[in-house]
Structures are given as C-alpha cells and as structure tokens.
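# A look at the structure
This is what each chain is made of:
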Amino acid sequence: MKSISFISPFLLGLIFSFPGQSQTTIAVETATYAIVLQADKENMLSTVYCGNKLDAPADYNGIAETSRYPQGNAGIYNNAYTPAGTWNLSEPAIQVTHADGNHSLDLKYVSHLITKPDANTSLTAITLQDPVYKLTVQLFYKTWNKENVIEQWTEISNKEQGPVVLQKYASANLYFSNKDFYLTSFQGEYLKELQPMEEKLLQGTRTIDSKLGTRAMLLASPNFMVSFGGPAKENSGTVMLGQLAWSGNFKLDFEVDSYKNLRLITGINPYEAAYTLQPGKSFKTPSLVYTLSNTGTGEASRQLHNWARKYRLLDGQGERLTLLNNWEATYFDFDENKLSGLFKDAKKLGVDMFLLDDGWFGNRYPRNNDNAGLGDWQENVKKLPHGIGYLVKEAKAAGVKFGIWIEPEMVNPQSDLYEKHLDWVIRQPQRPEKYYRNQLVLDLSNPEVQNFVFGIVDDLFTKNPELAFVKWDCNAVIYNAYSAYLNKNKIPQTHLYTEYVKGLYSVLERIRAKYPKVPMMLCSGGGGRADYEILKYFTEFWPSDNTEPIERIFLQWDYSYFFPSIAIDCHVTDWGKQPIKFRVDVASMGKLGFDIVAAKLSENDLAFCQQAIKNYNSFKDIVWHGDQYRLLSPYENTAAAIEYVSEDKSSALLFSYLHSNRFVINATERPIQLKGLDAAKKYAVKEINLYPGTKSTLEDGKIYSGDFLMNVGLNPDVNYGRTSVIIQINEVVK
Ligand code: DGJ
C-alpha cells in the first residue's frame, strides 16, 4: 500500500508509517514547485523530486521508479538528512557521538505532520528516529505558497540517558537531479562585499564557508544562486536563490555526486562547533531560506523581496526615515555646537533625521579615535556637556528627528569596561591579544554580557524616549575564540561560536519586546552582516562602507538579488569623482541618506539635493514597496538600468547610468524595454532629478502605451553629458 500526503487544506494531520508496511510520499508544495520526499519499505527517507508542482498529487508516488540508477549509492546520495557512521560514505548532514561514545547514526522515517497556519503558509514536520539510539531528528519545511519561498530547518532531540555530542548538524540537505549546475557564490573583502562569481559545478564538493564569528559574511556570503541547465539568466531558466539565515559561521556544501546530481548541505559551520546536547534537550538549527523560479533570477528576486517585506524584515511594509549622518562629515571631531549646526543642515536639505555616529562616548578613555573608549557608553562630557537628551531636543527644535550609533558587542582594551570586566572579553588568557580595528569582541554567550548589551539600548531609550533610530555597528571578527564564562560553567568551548549568535538574537528579542517599532540599521563595518534571521530585528542594513557611486551600482545590483530596496541603506557621500546628481540618483534606488558636509554644497548642488529629496519622497513608495526589474546589467553593458513598478502598475521609475566610458558616446543607442507595466494602460514619461540649469533631451510628458514601453522600449538617452537619468512613468488617467 502506498500513502501520499501533500499540503492541502483537505488533508492535514499526523501520518505514521511502520517498518516494512508502506511507502510514504510527502510533497512540500508552493504555488509552482514541489519538493517530494519518499520513505521506502525500510523507512529510509529520500528526496525524490524537486521541480514543478504536478497537477495530480498521486503522481508524486510514481517519481522514484522513473530513475534507473545503478544499485548502491542512489539511496545514499538523495537521503533527506544524511547521517554519518553507518551506511553513508558521502558528506553527511548530521554526525553525532552518542552518550555511550558510539559514533554511528541511522535515521528512519517515523511520522509526519502537516499544518496550515494560514491560507498562504504551510508547515511540514517530518520525524526521523535512530532505530538503535534514542535520538530524534525533525525536519521542518515552512512554505509561503504565493511567493514560492521555502524555509527549512531541523530540530535534534536527545532522548538518551547521557549527553550526545553533535559534531555536525546541518539545517538542510537537498537533492537536485537536473543536469548541469551553475553556482553563483558571493565573495569579497572590506569595501568589496558581495562580489558574484559564477562557476559550473563539477563532480566533487565546492564549499563556501565562514569562520569569522561575528561579521561572518565579510569574505564569503551565506547567499547563493544555483542555476539549472546553464548559467543563471535574468528572465529565463530555472534558478534557486538561497541563504543560510544565520549571523555566524556557516558552511554551504555543493556536492555533485557520481550520478552528476547535486547534493546541497548547509548549516552552521562544524568548525570548532561540536555541541553537547544534554538528555531531554533539543537543538534547533538556523534556517535555509530559498526560492525557486522557472523564469530566471528577476522573478526569483521579486519573490524573495515580496516574502521579506511581508513576512520577515522588521516593518517591511512600513516607512523609513531619510537621514543625514555625520560620520564622513566629522569623523570623531565634533561637539554640541557643531552638531547643532548639522541639525540645521539636515533640515535645510529636507531629510527626516540626523544620525550621530561614532565618537560621542567615553570619558576616562575618550572616544576620539578608534583606539579607545569602546564599551564606555556614557556621553563624553567635553563634547556633549548636556548629554544626548539635549541633542534630541535641539534636533527636534531644528525640525528633524535624532538617531544614534552604537557598537554594543565590542570593547577597546583602553576602556573602563575592559579594565572592570576582563572576563567578559573573548580572548585567550595565556596568549597575546590580537585586535581587529583596535578592538575585541564581548562574550555574548555570557548572560551578564547579554544584560549589559541590552542595557545599553534600554538605557538610551529610557533616558531619551524620543530617540528615533539606532545604527548598530559591529567592526571586529573573533580572534582567539575563548570564553571565560563557558569555562567557568564547564560548558565546552566549542559552543562559543553558536552561543554567541544565540546570545545576540536573545538580546535583540528583548529589545524588540520592549521597543517593537523603532527603526534600527544593521551595520557591520560595511556588509559583514545581513541575513533573514537577524533582519527580523532590523528595518535596514548597511551593505558596504564603499559608497563610490559606480561601485554602488554593482553592489546594489548584487544585493538586490536577495534583499528588497527598502532594506538597503544607500548614502550619498564624497567618495569618487561623480557629480552630486549621479551620487544622489544611485542612492535613491535604496533607502536614501546623506553623509556629506551639507554646508559646503554649492548653491546649485544644494538646490539639486533639496529637489531630489522632494522627488524621492514622492516616489519612495515605489522603490520601497514596488516590484524591481533589473533591466540592463552593468556587468554586460556600459549602461545599467533598473526599474521599479508600483503594485497596481500605475507608476514606475527607470534609473539608468553610464558607468564605464570606454569607447562610448551613446550608452543607450537602443531603447530599453520596460517590464511589469500594464500593456493596456497609457503612461506619461518625464525625466526627473534634473540638475539646475539643465534640460531633459526627452520630450516632457510624452505619452506611450504600456504595450509600446514593454515591447519597443524607452530610450533614456544616457551618454557622456547625461551619465545618470531618472525617468518617472505615470499612468495617464482620463
Ligand atoms: C563602520 C561603519 O561602517 C561606518 O559607517 C561608521 O559607522 C564607522 N564604523 C564608525 O566607527
């Protein structure tokens, strides 16, 4: 007898299977896709299909028998959660040492339960159990139907008499049997974050991992793209966009097996991470979040953007504040008077808020450079004799809100905090300290440190309830990983990397329980952190300290594969040689901010910025909440073009840039075909963000049909003299 279950409101419930009795098929479905798992007669659970959803769920039963792999490895390679130490000889998803010291593990399907929390989401929980040892594994698949997004995680429970050591505990173990896989991984460095690299996966294992501890995605990213059958394309082909949603060490293994199928095993990096699970306890892994699309990366990104805004990013469907930041305008050199002047500049520019950056704290060790003061979160009395409260009031009087920078997970050795609480610092006591930006990381596995970090934020808000924004920075990696707290409590040191991240999440959970709404920017000395677990607590993130606008065209393009524009902070600075218009136009494709000396802007530059901010306020809803279309890739063209379309298709924006001037006179010789409009609608086209004294080369207000704009296209006339062009496309309502 065969049994099939699929996610449907009509068939929900707990389904058990008994050895040798039946073959169970479980389909995890979204609107378009299905991942099908099947337990065989021995109750070994395998992934038998990952592809388009079938009309008749009963058809999933017949998938496995259509493959004719030679005996032996097939059931090993496609195991749904591959155990180590028994029959499997390929990369495992889980590896344990049992309470009695034995290393072997086998996992058999026991039951599964499908629930449907609401019309768009489903949760499938599959229970596996070792037939010999009392160790249970539960595989979870949460699906968002409309967005085609799946979140997968695992829970491991120790029901043995003594502690079990988890040597490896992956979040997900997927299997794809299409031929030819292309992986785009994202690698980088400080100022060069998230650089895409596409490669064809050949037989063997390609590993992308991080061991940095805190700003874990600085050199390699937990975001990835897999394209099936050929390199990834924007508007065609089957692709998967995925991310391990974990703000610490991660490992992504892409293994092409001997049948040329792809095994994908992702999770917390097992490096120095053996985790002792006490009897009666469970361990929940982080999630792998992914989406699949049959029509290329463009659609896949829009699915992820919609999902993130609606279900994951804090206040993803809400508003954001435009701002003036003082970091690059003053660095550490400011006082109350200078700041009061900057509040007025912020107002004059027309932004919503002033953001005070690093350097406002520390007295015995004043924070006048990055050598000292980190950890001592009291206002510096010389710079700010009347404290933060006074600044909040002054800003309000000037007509802007006030936000503040903190870096609460870190400490300078030159600080009161370091002198008072050396045991709170991650360091090897018997070795010389090794610094990253002259600082060390606090031990967030320690509940006292968690209280301290929570207290920094709580204290700021308690004393200054009108504080409007927090920029949460994190500039150091973990060197000399060692926790005095874990040692004192006889907890293995190999828990540190994991407990650090869990400690961080628990502090953020407390902050959000008390301050649910206040916008917070996640910053990590550039783009060292941005994932869909930590973004439950943040409204936005800082993708890189590199704000040179041509670099930003590429960087924002790459981040946009995974994150919606509302989450990406884009500041206008003095980096590079591009004119102010170019810089503002590029930053207007994300959440706009400024980090310039506004008082030094020429009259025309200031007038341009003021108008551009007004324009931004008029169209930001489309950039933040609309659909994004990457039209012209900067990697393949001398011009780049990105379009945003409102949900109701009544308005759109086309951003276009000349980013390379080798042998180019006209960068857009041909029109650019727009996307996402309504073919039947009429649209008026108007160039905006024109620099004072310049005129558009386009006919103002010219009317086109959506049909024309999507098939013939629109030429923004990007050239030497017009390196940056924004066009507003508004429906003409008769
Ligand atoms: C690194 C951040 O990326 C910058 O924006 C700035 O906040 C500095 N830290 C301050 O130290």
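Reading the values: the criteria
- Residues numbered from 1 in each chain as written.
- Predicted model: local features only at pLDDT ≥ 70, side-chain atom pairs only at ≥ 80, totals over all residues.
- Heavy atoms only, no water.
- Helix = DSSP H or I, 4+ residues; strand = E, 2+ residues; numbered from the N terminus.
- Rg over C-alpha atoms; globule rule 2.2 N^0.38 Å.
- Buried < 20%, exposed > 50% of the residue type's maximum accessible area, 1.4 Å probe, protein only.
- Contact = heavy atoms within 4.5 Å.
- Areas by Shrake-Rupley, 256 points an atom, 1.4 Å probe, with all protein chains shown as cover.
- Lys, Arg positive; Asp, Glu negative; His and termini not counted.
- Charge placed at Lys NZ, Arg CZ, Asp CG, Glu CD.
- Near = heavy atom within 4 Å.
- Polar contact = N/O pair within 3.5 Å; in protein donor to acceptor, adjacent residues only side chain to side chain.
- Nonpolar A, V, L, I, M, F, W, Y, C, P; charged D, E, K, R; others polar.
- Axes fitted to C-alpha atoms, helices over the stretch in contact; angles between N-to-C directions.
- Parallel < 35°, antiparallel > 145°, perpendicular 65-115°, else oblique.
- Left-handed = near helix turned anticlockwise from the far one by under 90°.
- Salt bridge = Lys/Arg side-chain N within 4 Å of Asp/Glu carboxyl O.
- Pairing = 2+ DSSP bridges.
- pLDDT = per-residue confidence, 0-100.

Moving on, we get to the overall build of the protein chain. Regarding its fold elements, the protein chain presents 13 helices and 37 strands. Taken over C-alpha atoms, the radius of gyration comes to 27 Å for the protein chain, in line with the 27 Å a tight globule of 734 residues would show. Projected onto its principal axes, the C-alpha coordinates of the protein chain cover approximately 80 × 70 × 45 Å. Per-residue burial for the protein chain yields a buried fraction of 62% across its 734 residues. In the protein chain, the share of contacts with a sequence separation of at least 24, taken over all contacts with a separation of at least 6, comes to 67%. Approximately 27,800 Å² of the protein chain is accessible, and the part contributed by carbon and sulfur atoms is 51%. Across the protein chain, the centroid of the 75 positively charged side chains sits 1 Å from that of the 82 negatively charged ones.

Moving on: the site of the ligand. Lining the immediate environment of the ligand, one finds 13 residues, of which Asp-357, Asp-358, Lys-471, Asp-473 and Asp-545 sit closest. Between the ligand and Asp-357 there is a distance of 2.7 Å, counted from an oxygen atom to a side-chain nitrogen or oxygen. The fraction of the free accessible surface of the ligand (290 Å²) that becomes covered by protein chains is 97%. Residue composition of the shell around the ligand, grouped by class: 4 nonpolar, 3 polar and 6 charged.

Here we come to helix 10 (residues 549–559). Taking burial as the measure, the 11 residues of helix 10 include 10 buried ones, the bulk of the element. Looking at helix 10, one finds that the buried residues are Pro-549, Ile-550, Arg-552, Ile-553, Phe-554, Leu-555, Gln-556, Trp-557, Asp-558 and Tyr-559. Where helix 10 begins, the side chain of Glu-548 points an oxygen toward the backbone nitrogen of Ile-550, at a separation of 3.0 Å.

What follows is about the packing of helix 10 against helix 11 (residues 580–587). Close contact between helix 10 and helix 11 brings their axes to 10 Å; oriented N to C, the two are set at 15 degrees. Taken together, the axis directions place helix 10 and helix 11 in an arrangement best described as roughly parallel. Crossing of helix 10 over helix 11 shows left-handed handedness. In this structure, helix 10 contributes Pro-549, Ile-550, Arg-552, Ile-553 and Gln-556 to the contact, and helix 11 contributes Phe-582, Arg-583 and Val-586. Its residues assigned to classes, the contact of helix 10 with helix 11 shows 5 nonpolar, 1 polar and 2 charged.

Further remarks concern the pattern of salt bridges. Scanning all chains against the criterion turns up 37 salt bridges. Lys-514 is the partner of Asp-458 in a salt bridge, and the nearest nitrogen-oxygen pair spans 2.9 Å. Linking Asp-458 in helix 7 (residues 447–463) with Lys-514 in helix 9 (residues 496–514), this pair joins segments that are 56 residues apart in sequence. Across the pair Lys-502 and Glu-499 runs a salt bridge whose closest N-O atoms are separated by 3.9 Å. With Lys-502 and Glu-499 both in helix 9, this residue pair falls 3 residues apart, about one helical turn. A residue is classified by how much of its surface remains accessible, and Lys-502, at 31% relative accessible area, is partly exposed.

Another point: the side chain of His-112. By the element assignment, His-112 lies in strand 7 (residues 108–118). Of the polar contacts made by the side chain of His-112, one reaches the side chain of Tyr-109; its length is 2.6 Å.

So, about the packing of helix 7 against helix 9. It is the contact of helix 7 with helix 9, at a shortest axis distance of 9 Å, that shows an interaxial angle of 35 degrees. Viewed along their axes, helix 7 and helix 9 form a crossing whose handedness is right-handed. Residues Gln-450, Asn-451, Val-453, Phe-454, Val-457 and Asp-458 of helix 7 form the contact with helix 9, whose own contacting residues are Gly-503, Ser-506, Val-507, Arg-510, Ile-511 and Lys-514. When its residues are assigned to classes, the contact of helix 7 with helix 9 shows 5 nonpolar, 4 polar and 3 charged.

The backbone phi angle of Asp-315 is positive, close to 55 degrees, even though this residue is not glycine. Here Asp-315 shows up in the loop between helix 2 (296–312) and strand 22 (323–325). For Asp-315, a relative accessible area of 34% corresponds to the partly exposed category. Positive phi outside glycine occurs at Asp-717, with the angle close to 60 degrees. Examined against the element boundaries, Asp-717 turns out to sit in the loop between helix 13 (706–711) and strand 37 (724–731).

So, about the environment of Asp-574. Residue placement: Asp-574 occurs in the loop between strand 30 (569–572) and helix 11. Along the sequence, Asp-574 and Ala-308 sit 266 residues apart, while their C-alpha atoms lie 31 Å from each other. Sequence-distant contacts of Asp-574, defined by excluding residues within four places in its chain, comprise Arg-583 and Ile-596. Engagement of the side chain of Asp-574 in a polar contact is seen with the side chain of Arg-583, the distance being 3.1 Å.

Turning our eyes to something else, we now look at the sheet that holds strand 24 (residues 401–406). Strands pair in a sheet through their backbones, by hydrogen bonds, and they do so in one of two ways: parallel or antiparallel. Read across the sheet, 8 strands follow the order 29-28-27-24-23-22-31-30 without closing on themselves; strand pairing throughout is parallel. At either margin of the open sheet sits one strand with a lone partner, and together these are strand 29 (540–541) and strand 30. Summarising the sheet, strand 22 and strand 31 (residues 591–594) pair through 2 bridges and their orientation is parallel. Bridge pairing in strand 31 links Leu-324 to Phe-594. Of the strands in this sheet, strand 30 and strand 31 touch helix 11, which is tilted by about 170 degrees from strand 30.

This part takes up the sheet that holds strand 34 (residues 651–658). Spatially, the 6 strands line up as an open sheet ordered 32-33-34-37-35-36, and their pairing is antiparallel. One side of each edge strand has no neighbouring strand; the edge strands of this open sheet are strand 32 (627–632) and strand 36 (702–705). In this sheet, neighbouring strand axes are inclined to one another by 25 degrees on average, regardless of whether the strands run parallel or antiparallel. Along the sheet, helix 12 (residues 603–625) contacts strand 32, strand 33 (639–645), strand 34, strand 35 (682–688) and strand 37; its crossing angle with strand 34, the most-contacted strand, is approximately 95 degrees.

So, on to the side chain of Arg-302. Residue position: Arg-302 is located in helix 2. Of the residues examined, Arg-302 reaches a relative accessible area of 10% and is grouped as buried.

Moving on: the pairing of strand 3 (residues 23–29). With 7 of its 7 residues buried, strand 3 lies for the most part within the structure. Here strand 3 runs beside strand 4 (residues 33–39); their pairing, made up of 6 bridges, is antiparallel. Across the sheet, the residue bridging to Thr-24 is Ala-39, located in strand 4. Counting the residues that bridge the hairpin from strand 3 to strand 4 gives 3 residues.

What follows deals with the confidence of the model for the protein chain. Summary statistics for the protein chain give a mean pLDDT of 95 and a share of 96% for residues scoring 70 or more. Overall, residues 16–21 carries pLDDT values under 50, and its contacts beyond four positions in sequence, including any with other chains, amount to 13 contacts.

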